[in-house]
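Listed here are the chains, written in short residue letters.
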Amino acid sequence: MLSLLVFEDLTMAIYLPVLTALLAGLSFVGGAVTVAIALATVSMVRLVALRYGRFIEAFVRSPNSEVLLLKVVGLALLVAGIAQQLQVSAAVGAFLVGIAPSGELAEEAQALLAPLRDLFAAVSFVFFGLQTDPTKILPVAGLAALLALVSMVTKLLTGFYAARRAGIARAGQARAGIALIPRGEFNIVIAGLAVAAGAHPDLGPLAAAYVLILAAFGPLAARLVQPLITAIAKRA
């Protein structure tokens with residue numbers, strides 16, 4: 001599951017510049033240059049994070065938890081801002097910073113950042129909700145439900161396939177597929193870019209309804225299917 005989500009984030013590093021170029025009405029050459037810059041930026045940051053991660057760890061490491069938190073957040077914001085200026089997703093830039101630390105430092109930073117992660121995740125949904133007119137959700141609810149159904153099927157199949165390749169039993173395959181269902185945050189990012197660029201106004205309500213359906217059905221499906229998964233595990 002983690003590998004799939006990481007691959008999704010890295011794919012967005014390519015997809016978002018393409019989308020931005022299309023929304024801006026750039027020519028083929030202009031779009032190709034934008035994508036090339038994005039790929040070069042991601043590759044450079046990834047190389048620094050993986051090959052020179054020890055230097056980043058030496059800079060970030062601190063016996064004081066407050067200093068450590070400030071350093072991690074500051075570095076993430078710096079790289080995310082640079083990535084944003086180079087037409088790369090800021091989220092991808094921050095993610096690449098996160099893969100640099102390892103071991104005890106990564107665990108300590110994760111514990112410190114967990115409350116901030118939960119806070120900003122909630123705030124991002126609040127902000128998107130403020131931009132969405134609830135009266136426009138109902139007319140697109142049918143299409144959102146259809147898209148959600150297609151996504152559920154493809155996510156289940158993806159989770160089953162990935163878990164099976166990893167040698168995981170059927171119960172684990174089912175858990176992996178179900179756990180992928182509520183993942184749809186990038187749809188809000190994509191819809192936000194499209195609406196800001198003056199694209200179809202229904203994209204915002206459609207994305208909101210789609211994400212809400214997945215977010216509500218995912219945990220419910222996991223709870224309903226859990227007895228079946230337990231039975232499959234006992235048989236295996």
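Since the structure is predicted, the reported quantities are computational estimates derived from the model, not experimental observations.

Q: Kindly report on the overall build of the chain, identifying the contributing residues and their values.
A: Helices and strands together make up the secondary structure of the chain, namely ten helices and zero strands. Listed by position from the N terminus, the elements making up the chain come as α-α-α-α-α-α-α-α-α-α. Counting the 236 residues in the chain, one finds 31% classified as buried. In the chain, 72% of the contacts between residues at least 6 apart in sequence involve partners at least 24 apart.

Q: Give a detailed account of the confidence of the model for the chain, specifying residues and quantitative values.
A: Taken residue by residue, the chain gives an average pLDDT of 76. The fraction at 70 or more is 72%. No element of the chain has a lower mean pLDDT than helix α9 (residues 185-196), which averages 66, and none a higher one than helix α7 (residues 141-165), which averages 86.

Q: Explain the pattern of salt bridges residue by residue, including any values.
A: If you walk through the whole model with that rule in mind, you get one salt bridge. A salt bridge links Asp118 to Arg117, with the shortest nitrogen-to-oxygen separation between them at 3.0 Å.

Q: Go over the UniProt feature "transmembrane region" (unreviewed entry) in the chain with me, naming the residues and quoting the values.
A: The positions UniProt marks with the feature "transmembrane region" (unreviewed entry) are residues 12-45, 66-86, 137-163, 184-201 and 207-225. As annotated, residues 66-86 has a helix share of 95% and a strand share of 0%, and its two end C-alpha atoms lie 30 Å apart.

Q: Summarise the environment of Val153; cite the residues concerned and give the values.
A: Structurally, the position occupied by Val153 is in helix α7. C-alpha separation for the pair Val153 and Gly177, spaced 24 residues apart in sequence, amounts to 9.0 Å.

Q: Please set out α7 residue by residue, giving values where relevant.
A: One turn of an α-helix holds 3.6 residues; hence residues three or four places apart share an orientation. Here α7 is 25 residues long and its end C-alpha atoms lie 36 Å apart, about the 36 Å a rise of 1.5 Å per residue gives. Residues Ala144, Ala148, Ser151, Met152, Lys155, Gly159 and Ala163 constitute the buried set of α7. Just past α7, the residue Gly167 takes up positive phi, approximately 80°.

Q: Can you lay out the packing of α7 against helix α8 (residues 170-179) for me, pointing to particular residues and giving the numbers?
A: Interaxial distance between α7 and α8 falls to 7 Å at its minimum, and their mutual angle equals 140°. Here α8 runs oblique to α7, going by the angle between their axes. Handedness of the crossing formed by α7 with α8: right-handed. Touching Lys155, Leu156, Gly159, Phe160, Ala163 and Arg164 of α7 are Arg170, Gly172, Gln173, Ala174, Ala176, Gly177 and Ile178, all from α8. Split into classes, the residues belonging to the contact of α7 with α8 amount to six nonpolar, four polar and three charged.

Q: Provide a residue-level description of the environment of Leu112, including the pertinent values.
A: Structurally, the position occupied by Leu112 is in helix α6 (residues 103-130). For the pair formed by Leu112 and Val72, sequence separation is 40 residues and the distance between their alpha carbons is 9.7 Å. Apart from the residues within four sequence positions on either side, Leu112 is in contact with Ser65, Leu68 and Leu69.

Q: Describe the environment of Ala111, listing the residues and the values that go with them.
A: Locating Ala111 in the fold gives a position in helix α6. Residues Ala111 and Leu69, spaced 42 residues apart in sequence, show a C-alpha to C-alpha distance of 9.9 Å.

Q: Please provide a residue-by-residue account of a nonpolar patch on the surface, values included.
A: A surface patch of nonpolar side chains, amounting to about 640 Å² of accessible area, comprises Leu143, Leu146, Leu147, Leu149, Val150, Val153 and Leu157. Along the polypeptide, Val150 turns up in helix α7.

Q: Go over the packing of helix α4 (residues 65-85) against α6, please, and point to the residues and values.
A: In contact at an axis separation of 10 Å, α4 and α6 are set at 80° when each is read in the N-to-C sense. It follows from the interaxial angle that α4 and α6 lie roughly perpendicular. Packed against α4, whose contacting residues are Ser65, Leu68, Leu69, Val72 and Val73, the element α6 presents Leu105, Glu108, Ala109, Leu112, Leu113 and Leu116 at the interface.

Reading the values: rules and limits
Residues numbered from 1 in each chain as written. Predicted model: local features only at pLDDT ≥ 70, side-chain atom pairs only at ≥ 80, totals over all residues. Heavy atoms only, no water. Helix = DSSP H or I, 4+ residues; strand = E, 2+ residues; numbered from the N terminus. Buried < 20%, exposed > 50% of the residue type's maximum accessible area, 1.4 Å probe, protein only. Contact = heavy atoms within 4.5 Å. pLDDT = per-residue confidence, 0-100. Salt bridge = Lys/Arg side-chain N within 4 Å of Asp/Glu carboxyl O. UniProt positions renumbered as here; feature names shortened; annotations may be inferred. Expected span 1.5 Å × (residues − 1). Axes fitted to C-alpha atoms, helices over the stretch in contact; angles between N-to-C directions. Parallel < 35°, antiparallel > 145°, perpendicular 65-115°, else oblique. Left-handed = near helix turned anticlockwise from the far one by under 90°. Nonpolar A, V, L, I, M, F, W, Y, C, P; charged D, E, K, R; others polar. Patch = residues over 30% accessible without salt bridge, like charges linked within 9 Å, V, L, I, M, F, W, Y side chains within 5 Å. Areas by Shrake-Rupley, 256 points an atom, 1.4 Å probe, with all protein chains shown as cover.

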